[in-house]
Amino acid sequence: MSGGALSSDWAPSFAAVPRSSFLPDLIWPFDMKTGQSVPVSRSEEPELWYGYADSDVPVVTQWDDGQHTGTEPGKVPTSSASMPSVVFRMLSDLDVKPGHRVLEIGTGTGWNAALLAYRLRTETVVTVELDSAVAAEARTALNLFGLPVSVITRDGLKGYPEGGPYDRIIATCGFRELPFAWVEQSRPGAVIVAPWGTNYGNGDAVVRLSVADDGESATGPLTGPVEFMKARAQRLTSVVHADYVSGNVADRDKSSTPITEADFMGEQFSPQRFAMGLKLRDCVYVVADKRDDARPVWFYGLTDRSWACVMFRDDDEAQVWQSGPRQLWNEAETAYQWWTEKGKPGYDRFGLTVSAEGQSAWVDDPEESWPV
């Protein structure tokens, strides 16, 4: 396990249930050196295949909802085996105990369900998968391995009430809205662990919710950043720049900002990027390539055609252009100032509450939440 993070309670499961037993012959592991997914066949390159299977890298197992053919990567990865370190981290957050009944949302390869079944008992774990082909392959792999977990083919957003009530629910794909159905199918005090985020960006954070004693809500903190494939029903359709911007950008409302790229953007998983999404609703941002010491960052409204562009420069004040009913950069600047005034909170200070009325985010205090 990367960084020696594997704890003693999970070590026997990870040792007994190798990820390689749940991967197909052709996989597309993420090559950390090139930043690309690469095709690797077990039958043609067994040593390389097993090397990737045992490495702490994500491995794509399906592209384009199963419509992809050939060996080269497809357009959109739609099923995978997550990094072992991320799998362990989320299972650790789940905090399973003997006798717990567990529902998994998103079976994928079946490896995560197998780890749970080995730690608990096969009959106490049920896993739900929307894609019938993916479900069938996982079911076969689980049966061959000797851990015949119940694999249900259905929409995970609806949960699986027939197998409840659950003590633990874990999701292995990213969500933008966590279903209240999961709360309804849980016992009071149950724990729900899922990757969650906003449409502002593709990044997620693991949220660990505890179901209230009255079963009317679940609330809890974020435990850290991740990035998962999104649940199919909640994928954001890619924005088309030309639908928003026509003509010369320089002809639009122009201003400037003293905020620097480093301060506003940080690194890929910096908390300010996630914080922006909690305040800047119905908006998505896109970071363009840097050229001649300048990097444009675009903001697009998701409910109208409002847009904004901030051009960050290494040695000069950033220039801003925006257009439409919403002044998106003004909103982004306000969100950034809110984050700084809160003391630049990290993921561990943020939290989420889910109820029948929807979901709301908070910093430090769940009583001071706002809809997201």
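Here is what the cut-offs are and how they apply
- Residues numbered from 1 in each chain as written.
- Predicted model: local features only at pLDDT ≥ 70, side-chain atom pairs only at ≥ 80, totals over all residues.
- Heavy atoms only, no water.
- Phe/Tyr/Trp six-rings, centres within 6.5 Å; stacked < 30°, edge-to-face > 60°.
- Helix = DSSP H or I, 4+ residues; strand = E, 2+ residues; numbered from the N terminus.
- Buried < 20%, exposed > 50% of the residue type's maximum accessible area, 1.4 Å probe, protein only.
- Lys NZ or Arg CZ within 6 Å of the ring centre and 35° of its normal.
- Expected span 1.5 Å × (residues − 1).

(A) Region of the structure containing the packing of aromatic side chains. By the definition in use, this model includes 21 aromatic pairs. Taking the centre distance of 6.0 Å and the plane angle of 45° together, the rings of Tyr 336 and Trp 339 count as tilted. Linking Tyr 336 with Trp 339, this pair stays in helix H10 (residues 328-341), spanning three residues, or about one helical turn. A relative accessible area of 5% means that Trp 339 is categorised as buried. Among the aromatic side chains, those forming a connected cluster through ring pairs are Phe 264, Phe 299, Phe 312, Trp 329, Tyr 336 and Trp 339. Above the ring of Trp 49, the side-chain terminus of Arg 42 is found at 4.3 Å from the ring centroid. The lysine or arginine in question, Lys 279, covers the ring of Trp 338, its NZ or CZ lying 4.8 Å from the ring centre.

(B) H10, seen in detail. Along its 14 residues, H10 runs 20 Å from first to last C-alpha, staying within 8% of the 20 Å computed at 1.5 Å per residue. Residues of H10 that are buried: Leu 328, Trp 329, Ala 332, Glu 333, Ala 335, Tyr 336, Trp 338 and Trp 339.

(C) The arrangement of the environment of Ala 233 in detail. By the secondary structure assignment, Ala 233 is in the loop between strand S12 (217-226) and helix H7 (241-244). Taking the C-alpha atoms as reference points, Ala 233 and Asp 204, 29 residues apart in sequence, are found 16 Å from one another.

(D) Spatial organisation of unusual backbone geometry. For the bond running from Gly 164 to Pro 165, omega is 0°, close enough to zero to count as cis. By the secondary structure assignment, Pro 165 is in the loop between strand S8 (150-153) and strand S9 (166-171). Although it is not a glycine, Asp 282 adopts a positive phi angle of roughly 55°. Relative to the helices and strands, Asp 282 is located in the loop between helix H9 (271-279) and strand S14 (283-287). Even without being a glycine, Lys 344 presents a positive backbone phi close to 50°. Look at Lys 344 and you get partly exposed, because its relative accessible area is 46%.

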